[in-house]
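Spelled out, the chains give:
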Amino acid sequence: NAGVTQTPKFRVLKTGQSMTLLCAQDMNHEYMYWYRQDPGMGLRLIHYSVGEGTTAKGEVPDGYNVSRLKKQNFLLGLESAAPSQTSVYFCASGAREKLFFGSGTQLSVL
Amino acid sequence: SQQGEEDPQALSIQEGENATMNCSYKTSINNLQWYRQNSGRGLVHLILIRSNEREKHSGRLRVTLDTSKKSSSLLITASRAADTASYFCATVAYYSGGGADGLTFGKGTHLIIQP
């Protein structure tokens with residue numbers, strides 16, 4: 001089993017560009033999450049989903065949109081990237097008692 | 001806002017020694033979890049302790065929980081070079097967007113095991 005797979009692994013954007021990060025899980029989990037990790041800040045929850053077709057805001061949702069059209073996929077979109085969105089993005093799936101994480105996407109916005 | 005805070009921020013010890021890191025949290029919890037993150041990788045779940053438990057073991061890991069002090073500790077015994085990583089505590093957070101469905105993490109303790 002692949003577990004949680006994130007694509008792409010690295011990306012460089014110019015300010016104002018848009019992009020979508022894809023997260024796929026093969027564990028049939030209902031819950032999926034997007035976190036960002038910045039130096040000295042730990043992980044902060046951006047958005048999450050408790051099932052297909054549902055999404056909810058986390059701690060730092062501004063500037064991001066998400067969609068969960070299929071149970072196994074959770075997409076994170078940046079409509080107009082800003083330098084403040086330079087970060088490492090992690091997707092996770094699972095339940096409140098155990099999360100499985102992807103290996104991360106390193107995003108730089110110039 | 002972050003629920004848990006780890007202490008110390010960084011810890012460097014010799015291989016074979018024990019490593020202890022602490023986590024303090026703010027509100028009542030049902031359980032507390034510890035995760036490990038190796039450099040450049042995603043987090044890996046280590047252990048969960050429930051609010052009605054005081055101590056839990058898993059291999060070389062020992063976790064304690066003191067709900068009266070809102071604190072937890074993670075002890076790694078007989079440390080190895082492969083234990084070099086960042087360690088995070090996590091608790092359930094409540095968000096206005098939908099309910100108690102997110103895990104919130106502290107900033108982590110960076111552990112370095114020197115050979």
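Residues numbered from 1 in each chain as written. Chains lettered and ligands numbered in written order. Predicted model: local features only at pLDDT ≥ 70, side-chain atom pairs only at ≥ 80, totals over all residues. Heavy atoms only, no water.

**Q** Outline the overall build of chain B, supporting the account with residue identities and numerical values.
**A** Scanning chain B for helices and strands turns up zero helices and eleven strands. Seen in sequence order, chain B has helices and strands lined up from the N terminus as β-β-β-β-β-β-β-β-β-β-β. Here chain B, with 115 residues, has 48% of them falling under the buried criterion. A separation threshold of at least 6 residues defines the contact pool for chain B, and within that pool the share at least 24 residues apart is 54%. Surface exposure of chain B reaches about 5400 Å², of which carbon and sulfur atoms provide 45%. (Helix = DSSP H or I, 4+ residues; strand = E, 2+ residues; numbered from the N terminus. Buried < 20%, exposed > 50% of the residue type's maximum accessible area, 1.4 Å probe, protein only. Contact = heavy atoms within 4.5 Å. Areas by Shrake-Rupley, 256 points an atom, 1.4 Å probe, with all protein chains shown as cover.)

**Q** Kindly report on the sheet that holds strand E8 (residues 73-78) of chain A, identifying the contributing residues and their values.
**A** Residues and elements named next belong to chain A. A sheet is described by the order of its strands in space; here four strands give the open sequence E1-E3-E8-E7, paired in antiparallel fashion. Of all strands in the sheet, those with a lone pairing partner are strand E1 (4-7) and strand E7 (65-67), marking the two edges. Taken pair by pair, the neighbouring strands of this sheet meet at an average axis angle of 20 degrees, ignoring direction. (Pairing = 2+ DSSP bridges. Axes fitted to C-alpha atoms, helices over the stretch in contact; angles between N-to-C directions.)

**Q** Could you give an account of the pattern of salt bridges, naming the residues involved and the relevant values?
**A** For side chains bearing opposite charge, pairing can occur when the charged atoms are close. All names here are of chain A. One pass over the full model with this rule turns up six salt bridges over all chains. Lys 71 is paired through a salt bridge with Glu 30; the nearest N and O atoms lie 3.0 Å apart. Within this pair, whereas Lys 71 is found in the loop between E7 and E8, its partner Glu 30 is found in the loop between strand E3 (19-25) and strand E4 (31-38), the two being separated by 41 residues in sequence. One salt-bridge network, in which partners are shared between bridges, spans Arg 36, Asp 38 and Arg 44. (Salt bridge = Lys/Arg side-chain N within 4 Å of Asp/Glu carboxyl O.)

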